[in-house]
Amino acid sequence: MGGKIRVATTSLAGCFGCHMSFLDIDERMIELAQLVEFDRSPFTDIEHCGPCDIGLIEGGVCNSENVHTLREFRKNCKTLVAVGACAINGGLPALRNFIPLEECLAEAYLDGIGVENPQIPSDVELPLLLDKVHPIHEIVKIDYFLPGCPPSADVFWKFLTDLIAGREPQLPYELVRYD
Amino acid sequence: MTKTIAIDGKTIPFEDGQTIMDAALAADVYIPHLCHHPEFTPHGSCKLCSVKVNGRICSACTFPAAEGQDIINNSDELNGDRKRITQMLFVEGNHFCPSCEKSGNCPLQAVAYYLNMLDNHFPFFFQTRQLDASHPDVLIDHNRCIFCTLCVRASQQQDGKDVFGIAGRGINKHLIVNAESGQLKDTDLDAADKAAHVCPTGAILIKRTGYQVPIGQRIYDHHQIDAVSLAASGSRPSAALPPFVAVVAEGGRHGR
Amino acid sequence: MQDFIASVVAGHGYQPTRLMMILRAIQEQYLHIPDAAIAQVARLLAISLTQVIGVVEFYHFFHRTPRGRYDVLISDSITDRMLGKQELMAYFSEKLGVAVGGVRVDGRVSLDNTSCTGLCDQGPAGLVNGLPLTRLDQARVDAICEAINAGKAVNEWPSEWFAVADNLLKPGLLLNAPISGGAAIQAAYHRGLPETLAEVDQSGLRGRGGAGFKTAMKWRFCSEEPETERYVVCNADEGEPGTFKDRVLLNSYAHQVFEGMTVAAAIIGAKRGLVYLRGEYLFLHQKLLDMLAQRRQSHLLGNNILGLGQDFDIEICLGAGAYICGEESALIESLEGRMGIPRNRPPYPVSSGYLGKPTVVNNVETFLAAAAIAVKGGDWFAGHGTDKSKGSKILSICGDCQRPGIYEYPFGTTIQTILDDCGADDVLGVQIGGPSGTFISNQELNRKLAFEDLATGGSFIVFNNQRDIFKIVQNFSHFFAHESCGFCTPCRVGTALLKKQVDKIFDGHGSAGDVVALEEICQLVKSYSHCGLGQTAANPVLSTLQRYPELYQEKLKKISYEPGFDLDGALETARRMAHRNDAAAHLAQIGEDHD
């Protein structure tokens, strides 16, 4: 195949733990760098995603900015991948789904312990929170899912090498973990 | 002459009164299941053990074995549909494995691993459910209950108590306890009861034991549920498994 | 309260099997089942608290928090909707000052939806404190609201508000010639009981609930069981939306139904019979009790019936709003005082039914037919209908036709003939057998009423060309999700997913893959569910998808994906709290840059 595979990555409502785990492929990163080139990603500081082959999304969707970012990725990436527990089912951020957003905001900005000058931030630059945190497959179509919190470095490696080699990605039993 | 059934082409003997599941477990054949436990009356509700008997879909745990049955168990079609049924359980409840003490020792999770479930496929229900932390030694997290009734049956059939029950209808089903206050602390549940150890998810947990075995060293981190299940049911030597497996795999063996 | 409950439980002989009737009395007295009552009932019956709570929460007519002194339920069947139910409900709600599903602040009145009340030929219909309200319109609603606000007791309301008509429009083989009291019992003994069973066999009678199991075979299996304590149960829980023929049979032909039960009891050797009457038919309860008393006086029930040596009696148990209890093993569970959850089968009720004893469960109409067969013989009955479907079928016809009501036809009659009789033209299609049955289009009207073609328990709903298929399917899908007992995963979760997916597509949020996703859920629910409810819950979608695939496709947007929830609506709380309404405070449902 001609040219390098373009890969973009981002973290929505996530902790960047999946990105850290990705980096745990260690020296295999050199081999990977022969094959891929990163577009928008915390690894590159490119701000907006251009046309890509693969988009890796960490984290769920908790606010309006997440929705825009996710749509940008979906528009530009031929293959979009949900990476990690939060992207797949909302993960830990989704634990707030069982508390009304009103209470969450009030606790954080109005009447929580130690709150001074209580007010809900209203700057138009700030993204608004959705009333629930959603997995990304509820917002856009997702092509592949890599479970794990985080998925191990081997999961990233197996998945990307399969995909780059034109094989249907398969995760053997020992690579499938939800924790 | 021994009576036999065939599962995926393998001839398996059975005795009258045995279900397909009984015969399969005895013959070292794994059929995925969650609500079934060899020590208790079969329930037939999770439907993971659905098999095709002479072309018709039946629950292996409740359907009696009978001479001449030609059974399909381990097919791509059945395993694909079992994966979907497992995904239904995941979206119905709130199963956040990374924050669950049961992770790694959880049959629900392990069945999902076994079926190569990578996502949840369906939209989430995000139902608001409660915790009952009232009991000094045992916690109920309703978010993870799949209504298998194993705790209900274990309490009635082994502990000689009647601590748990299921109430409600349809998607509003929920686990209840036998106390006017509705709280676990007011039941006669003891942490040593079978009912406190039989849950196939993280819905019923023994307090202060959650991290005695670190994540990564737990049963299903190293063993597939088919091997664990068959070992626990006695058809495979459990020597192949670490010693704690027999305790946790099918929910503990207190008093045995 | 303690004394009241103690006397109710004592009145039912401290029998746990009477739990449903006990709870009914408590609900009526206190407008709910208080926690203290639950505990007391459990103690007095020596059953677990969890069982009582389970039952209270399972049935739609029992409540753990108080309903209003006037509890108004409006039938949410598709036919009620077609008669303007939704507008009427909104009017009711506004007029009474109570939200649907709620109780008015003063505790006087509560308002809610309920599944089909079996009054589809005289809707929009409803129930007030369990009693039927028919032919509701705005004027009637005004009058009802006035009576409620004036505090007028329900038993002082004008009787025409509660008038339930039989609308028996086309009697046939059975309904034209009811048998006289005792005739079937005498004929059966005169001929001989084995010979009478042979006649039932010869008649080719198959179960009239819809499934069509051969009646004689069921009776024979039961009579051959080694256990001699046996039961006869009449399934009068017709909950299939659009069905109301059992209501008419019990109102006007109950003697013959009881007679059929008595003959069945003689043949299988049962001493006790039970009628499981759906809670919606409370208004028939006293009348049926009186008839049973009358039959005892005439020696048609009790010890040594007609001097023939048969001992047999019948009691009536009321349901409390659960469609699933029409499934025979769920019905038996309910008769035993438990949640209506279908049992694992085998064993079948004929070998292990009520209280674990051999039990024959038959539909009201089956007993009606059996009584006639006992008198007139198998050949008489088998001389009508088709090869595989002998005799006649009683239909409840409703929907878009000029003359809704009860019609009886020999099997083999074409749908077109039936439509002509009931005055239906401009037909879009017919729902045969209710939501769990089949939707046929106007291209199939020469198909036949028969087990081998279109089987039905009696429901026959006509739709004209002005109707929207999707509204029908949506109503049916919501019905199944509401009525799923929740026992098994595929039905409990599957019917809820089906409801969501149907709503997503029909409300205009469907995208390319959504019909495929819908079909997938349908197949899972249909193939893997525990009982008939789940196995048929996808029929509304599957039978319309098969006939109108293009309508479904037209509903889909030409995009690859759209969220199943309202994205912009999900920002509403944050917008309100942050006092924002700028462009960035909103989200489009679909990305503008979407492929």
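Residues numbered from 1 in each chain as written. Chains lettered and ligands numbered in written order. Predicted model: local features only at pLDDT ≥ 70, side-chain atom pairs only at ≥ 80, totals over all residues.

Caption draft 1: Representation of the overall build of chain B. The helix and strand tally for chain B stands at seven helices and 10 strands. With respect to the principal axes defined by its C-alpha atoms, chain B has extents near 55 × 40 × 35 Å. Residue burial in chain B is summarised as follows: out of 256 residues, 55% are buried. Pairs at least 24 apart in sequence give 63% of the contacts found in chain B among residues at least 6 apart. (Helix = DSSP H or I, 4+ residues; strand = E, 2+ residues; numbered from the N terminus. Buried ≥ 20, exposed ≤ 12 C-beta atoms within 10 Å, placed from the backbone. Contact = placed C-beta atoms within 7 Å.)

Caption draft 2: Examining the overall build of chain A more closely. Summing up its helical and strand segments, chain A has six helices and seven strands in all. In terms of principal-axis extent, the alpha carbons of chain A reach across some 55 × 35 × 30 Å. When burial is assessed residue by residue, chain A has 46% of its 179 residues classed as buried. For chain A, long-range pairs separated by at least 24 residues make up 78% of all intrachain contacts whose partners lie at least 6 apart in sequence.

Caption draft 3: Representation of the sheet that holds strand S4 (residues 131-133) of chain C in the model. All names here are of chain C. Taken in spatial order, the four strands make up an open sheet running S2-S1-S3-S4, and their pairing is mixed. Two strands close off the open sheet at either side, each with one partner strand: strand S2 (109-114) and S4. Recorded for the sheet is a direction-independent mean angle of 25 degrees between the axes of neighbouring strands. Judged from the three bridges that link them, strand S3 (residues 126-128) and S4 form a sheet pairing that is antiparallel. Looking across to S4, one finds that Val128 is bridged to Leu131. (Pairing = 2+ DSSP bridges. Axes fitted to C-alpha atoms, helices over the stretch in contact; angles between N-to-C directions.)

Caption draft 4: Local environment of the interface of chain C and chain B. Contacts between the two partners involve 32 residues from chain C and, on the opposite side, 29 residues from chain B. Sorting the residues of the side of chain C that touches chain B by element identifies helix H3 (35-45), helix H4 (49-58), helix H18 (469-483), helix H19 (489-509) and helix H20 (514-528) of chain C as the ones contributing at least two each. Across the side of chain C that touches chain B, the residue classes tally to 15 nonpolar, 13 polar and four charged. (Nonpolar A, V, L, I, M, F, W, Y, C, P; charged D, E, K, R; others polar.)

Caption draft 5: The interface of chain B and chain A, seen in detail. Between chain B and chain A, the contact holds 18 residues from the first and 22 residues from the second. Grouping the amino acids of the side of chain B that touches chain A by side-chain chemistry returns nine nonpolar, eight polar and one charged.

Caption draft 6: Inspection of the sheet that holds strand S5 (residues 168-170) of chain C at higher detail. Residues and elements named next belong to chain C. Ordered in space as S5-S12-S11-S15-S13-S14, the six strands form an open sheet in which the pairing is mixed. If you trace the sheet from one side to the other, it starts and ends with S5 and strand S14 (438-441), each paired once. Averaged over all pairs of adjacent strands, the angle between strand axes in this sheet comes to 30 degrees, irrespective of strand direction. Across two bridges, the pairing between S5 and strand S12 (residues 405-410) is parallel. Each residue of the ladder has a partner; that of Leu168, found in S12, is Ile406.

Caption draft 7: Layout of H4(C). Most of H4(C) is tucked away, with 10 of its 10 residues classed as buried. For H4(C), the set of buried residues is Leu49(C), Thr50(C), Gln51(C), Val52(C), Ile53(C), Gly54(C), Val55(C), Val56(C), Glu57(C) and Phe58(C). Summarising the contacts, the buried residues of H4(C) are in contact with strand S8 (164-167) and strand S9 (174-177) of chain B together with helix H2 (19-30) and H3 of chain C.

Caption draft 8: Representation of the nonpolar core within the structure. With 311 residues, the main nonpolar core has Ile57(A), Val257(C), Ala264(C) and Tyr276(C) as its most contacted residues. Not counting chain neighbours up to four residues away, the residues in contact with Val257(C) comprise Cys234(C), Leu249(C), Leu250(C), Val364(C), Phe367(C) and Leu368(C). (Core = buried A, V, L, I, M, F, W, Y, C linked by C-beta atoms within 7 Å.)

Caption draft 9: Molecular detail of unusual backbone geometry. Of note, the bond from Gly123(C) into Pro124(C) is cis; its omega dihedral lies within 30 degrees of zero at -5 degrees. Topologically, Pro124(C) is positioned in the loop between S2 and S3. In this structure, Asn117(A) takes a positive phi of about 50 degrees despite not being glycine. Relative to the helices and strands, Asn117(A) resides in the loop between helix H5 (101-110) and strand S6 (129-134).

Caption draft 10: Molecular detail of the pairing of S8(B). All names here are of chain B. Alternating residues of S8 divide into Phe164 and Ile166 and Gly165 and Ala167, and every residue in both groups is buried. Note: S8 against S9, four bridges, orientation antiparallel. Along S9, the bridge assignment pairs Gly165 with Ile176. Where S8 hands over to S9, the hairpin turn is made up of six residues, of which Gly168 adopts a positive phi near 85 degrees.

Caption draft 11: Examining the packing of H18(C) against helix H22 (residues 539-547) of chain C more closely. Residues and elements named next belong to chain C. With their axes 9 Å apart at the nearest point, H18 and H22 run at an angle of 155 degrees to one another. On the basis of their axis angle, the class for H18 and H22 is roughly antiparallel. Contacts between H18 and H22 involve Ile469, Val473, Phe476 and Ser477 from the former and Pro540, Val541 and Thr544 from the latter. Split into classes, the residues belonging to the contact of H18 with H22 amount to five nonpolar, two polar and no charged. (Parallel < 35°, antiparallel > 145°, perpendicular 65-115°, else oblique.)

Caption draft 12: Just the packing of helix H8 (residues 183-191) of chain C against helix H12 (residues 254-268) of chain C, in detail. All names here are of chain C. It is at 8 Å that the axes of H8 and H12 come closest, and there the two elements cross at 25 degrees. With respect to each other, H8 and H12 are oriented roughly parallel. Handedness of the crossing formed by H8 with H12: right-handed. On the side of H8, the interface is formed by Ala184, Ile185 and Ala188, while H12 contributes Glu259, Gly260, Thr262, Val263 and Ala266. Looking at side-chain class alone, the contact of H8 with H12 contains five nonpolar, two polar and one charged residues. (Left-handed = near helix turned anticlockwise from the far one by under 90°.)

Caption draft 13: Here's a closer look at the pairing of strand S15 (residues 459-464) of chain C. All names here are of chain C. Among the six residues of S15, five are classified as buried, and the element is accordingly described as predominantly covered. One ladder, built from four bridges, connects strand S11 (residues 392-399) with S15; its direction is parallel. Of the residues in S15, the one forming a bridge with Ser396 is Ser459. Taken together, the five bridges between strand S13 (residues 427-432) and S15 define a ladder with antiparallel strand orientation. Counterpart to Ile432 in the pairing with S15 is Phe460.

Caption draft 14: Examining the environment of Gln224(B) more closely. Residue placement: Gln224(B) occurs in the loop between helix H5 (219-222) and helix H6 (225-232). Judged by the 16 C-beta atoms lying within 10 Å of it, Gln224(B) is partly exposed. The sequence separation of Gln224(B) and Val111(B) amounts to 113 residues, and the corresponding C-alpha distance is 8.5 Å. Here Gln224(B) is in contact with Tyr173(A) and Tyr114(B), once residues within four sequence places are set aside.

Caption draft 15: Local environment of the environment of Glu408(C). Residue and element names in this part refer to chain C. By the secondary structure assignment, Glu408 is in strand S12. A C-alpha to C-alpha distance of 16 Å links Glu408 and Val257, two positions 151 residues apart in sequence. Sequence-distant contacts of Glu408, defined by excluding residues within four places in its chain, comprise Lys170, Pro171, Gly172, Leu173, Leu174, Leu175, Ser392 and Ile394.

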